[in-house]
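The chain contents come next:
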Amino acid sequence: MADTNTLKFGDHDYPVMSGSVGPQVVDIRKLYSETGMFTYDPGFTSTASCESALTYIDGDEGVLLHRGYPIGQLAEQSSFMEVSYLLLNGELPSKGELDEFTHTITRHTMLHEQLATFYRGFRRDAHPMAIMCGVVGALSAFYHDSTDINDPRQRMIASHRLIAKMPTIAAMAYKYSVGQPFLYPDNSLSYTGNFLRMTFGVPAEPYHVNPIVERALDRIFILHADHEQNASTSTVRLAGSSGANPFACIAAGIACLWGPAHGGANEAALNMLREIGTPDRIPEFIARAKDKNDPFRLMGFGHRVYKNYDPRATVMQKTVREVFDALKVNDPVFEVALQLEHMALNDPYFIEKKLFPNVDFYSGVILSAIGFPTTMFTALFALARTVGWVAQWNEMISDPAQKIGRPRQLYTGPTQRDYVEIGKR
Ligand code: CMC
């Protein structure tokens, strides 16, 4: 180790940079040109891919801050619209700024009418995430006037469009799967109330938004709004680094989010809780999760960054109770979840590996109680995370240090050899 400001490697010193809080980083940009070496970091566990002022996580302490504000405070006291403004603009809005922002988002909620025919090309049993990937990617074909990434105004319009249209897109994916007519947005409702109506309402009768459900879902959206340089956000940044348009970049993020190790975990967690069924079967599943020869993992448990209770899971657990009470739900799955959490947190395997419930452990339980089918869970995550994705994408485009992302590799394949004709192989 060199002095406090540099890391010595061979004859070269590499500057150590400090952020406002959190681990320092070694600036190795000149490593290859000076030493001919790359770094090797599969899964980027030790790599800071960018500078960012949006979200801070201290995984050991279970801290999550958006623009400095703790997630618990935002979830309890703020709204998804306000958090969206905060992530995009850096500061909490004044009353006037929030009203204007909400108005702008509300005015962008409708989809180009032609997109309805696009949906009809899908099978009725298509997974909503397959539809989301396709429809969001296709938005660039409909909104040419906001794809110039070098124009800050077009970037902001595209960002507003994406945030505004995601609920409509997700609700339409649901409606298509159940064979009900699409509902147009109702601009008199809140962002989340409007989404609930487009999902669960029907044109034949009025839909009354349940304020407790509306608040719970809004809070779930806040909890999923951004999460630093996670896999899907890094995918959005990588796609965006080539200059791709924002709609294509967000579609790439949705594709990445779909995986069961990332956004697909809430669906997998609820399926697991239902499969467990009754508390007496919990030990069997805990034993499977600990068995090295069994690929089974406790879904909704563990996190790349949190080695402590995920602060989002704390809020989720509280929200389950509120929703269950409000809707008078009596689903044994919540009891199974509580007992599974208790047993795992007292098991040496989970203690030693610092495996705690993550945001997905309870979110599926709430979403199911509200009436969403499991296939919609990841679509809801994508809806909320769109705010983080567009905020991170905007930050990246404005960053003077931004370059096309191009990792290198440790090559272990054959060295050069001559082509052999097919008859001689
Ligand atoms: N159940 C049982 N064992 C686990 C689990 C689990 N859920 N998670 C990690 N482990 C073990 C793993 O087997 C490994 O053991 P060993 O060191 O003996 O090989 C050790 O813990 C470290 O695991 P890892 O896979 O190297 O850790 P990671 O940081 O690469 O993975 C993770 C993080 C989230 C992919 C993983 O914990 C996991 O697969 N969890 C279940 C899926 C899940 O809930 N994902 C949602 C993440 S939160 C939502 C989001 O932000 O997208």
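Owing to the predicted nature of the structure, the values given are computational and were not obtained by experimental measurement.

Right, let's get into the overall build of the chain. Across its full length, the chain holds 18 helices and six strands. The C-alpha atoms of the chain give 23 Å as radius of gyration, which agrees with the globular expectation for 425 residues (22 Å, within 12%). For the chain, buried positions account for 47% of its 425 residues. A total of about 21200 Å² of accessible surface is found on the chain, and carbon and sulfur atoms cover 53% of it.

In this section: the sheet that holds strand β1 (residues 6-9). Read across the open sheet, the three strands follow the order β1-β2-β3; overall the sheet is antiparallel. Edge positions in the sheet fall to β1 and β3 (25-26), since each of these pairs with one other strand and no more. Summarising the sheet, β1 and strand β2 (residues 12-17) pair through four bridges and their orientation is antiparallel. Residue pairing across strands places Thr 6 opposite Pro 15, the latter belonging to β2.

Note that Arg 297 resides in the loop between α13 (282-290) and α14 (311-327). For Arg 297, a relative accessible area of 64% translates into the label exposed. For Arg 297 and Ile 286, which are 11 residues apart along the polypeptide, the C-alpha to C-alpha distance reads 8.6 Å. Residues contacting Arg 297, with those up to four places away along its chain left out, are Met 272 and Ala 289.

This part is about the packing of aromatic side chains. Evaluated as defined, the whole model comprises 19 aromatic pairs. Summarising the aromatic geometry, the rings of Tyr 174 and Phe 200 are spaced 5.9 Å apart at their centres and angled 70° between planes, so their arrangement reads as edge-to-face. Here Tyr 174, found in helix α7 (residues 152-178), pairs with Phe 200, found in helix α8 (residues 191-200); they are 26 residues apart in sequence, far enough to count as distant. A residue is classified by how much of its surface remains accessible, and Tyr 174, at 13% relative accessible area, is buried. Judged by centre distance (5.0 Å) and plane angle (70°), the rings of Tyr 349 and Phe 350 are edge-to-face. By relative accessible area, Tyr 349 is classed as partly exposed at 22%.

Moving on to the side chain of Glu 341. With respect to the helices, strands and loops of the structure, Glu 341 is situated in helix α15 (residues 332-345). Arg 321 provides the closest opposite charge to the buried, unpaired Glu 341, separated from it by 8.1 Å. Within the local environment of Glu 341, its side chain forms a polar contact with the side chain of Tyr 362, the two groups lying 2.3 Å apart. Every residue in contact with Glu 341, bar those within four places of it in the chain, is listed here: Phe 301, Tyr 309, Gln 317, Pro 357, Phe 361 and Tyr 362.

Throughout the structure, instances matching the rule amount to 14 salt bridges. Lys 8 is paired through a salt bridge with Asp 13; the nearest N and O atoms lie 3.3 Å apart. Using a relative accessible area of 44% as the deciding quantity, one classes Lys 8 as partly exposed. Classification of Asp 13 by relative accessible area gives partly exposed; the value is 42%. A salt bridge links Asp 310 to Arg 312; the shortest N-O distance between them is 2.8 Å. The exposure classification of Asp 310 matches that of Arg 312, with both residues buried.

Taken together, 19 residues form the shell around the ligand, and within it His 262, Lys 292, Leu 298, Gly 300 and Arg 304 come nearest. The contact in question runs from an oxygen atom of the ligand to an N or O atom on the side chain of His 303, over 3.4 Å. Calculation on the ligand without its partners gives an accessible area of 940 Å², and the protein chains cover 75% of this total. Of the residues in the shell around the ligand, the class split is eight nonpolar, five polar and six charged.

The rules behind each value
Residues numbered from 1 in each chain as written. Predicted model: local features only at pLDDT ≥ 70, side-chain atom pairs only at ≥ 80, totals over all residues. Heavy atoms only, no water. Helix = DSSP H or I, 4+ residues; strand = E, 2+ residues; numbered from the N terminus. Rg over C-alpha atoms; globule rule 2.2 N^0.38 Å. Buried < 20%, exposed > 50% of the residue type's maximum accessible area, 1.4 Å probe, protein only. Areas by Shrake-Rupley, 256 points an atom, 1.4 Å probe, with all protein chains shown as cover. Pairing = 2+ DSSP bridges. Contact = heavy atoms within 4.5 Å. Phe/Tyr/Trp six-rings, centres within 6.5 Å; stacked < 30°, edge-to-face > 60°. Lys, Arg positive; Asp, Glu negative; His and termini not counted. Salt bridge = Lys/Arg side-chain N within 4 Å of Asp/Glu carboxyl O. Polar contact = N/O pair within 3.5 Å; in protein donor to acceptor, adjacent residues only side chain to side chain. Near = heavy atom within 4 Å. Nonpolar A, V, L, I, M, F, W, Y, C, P; charged D, E, K, R; others polar.

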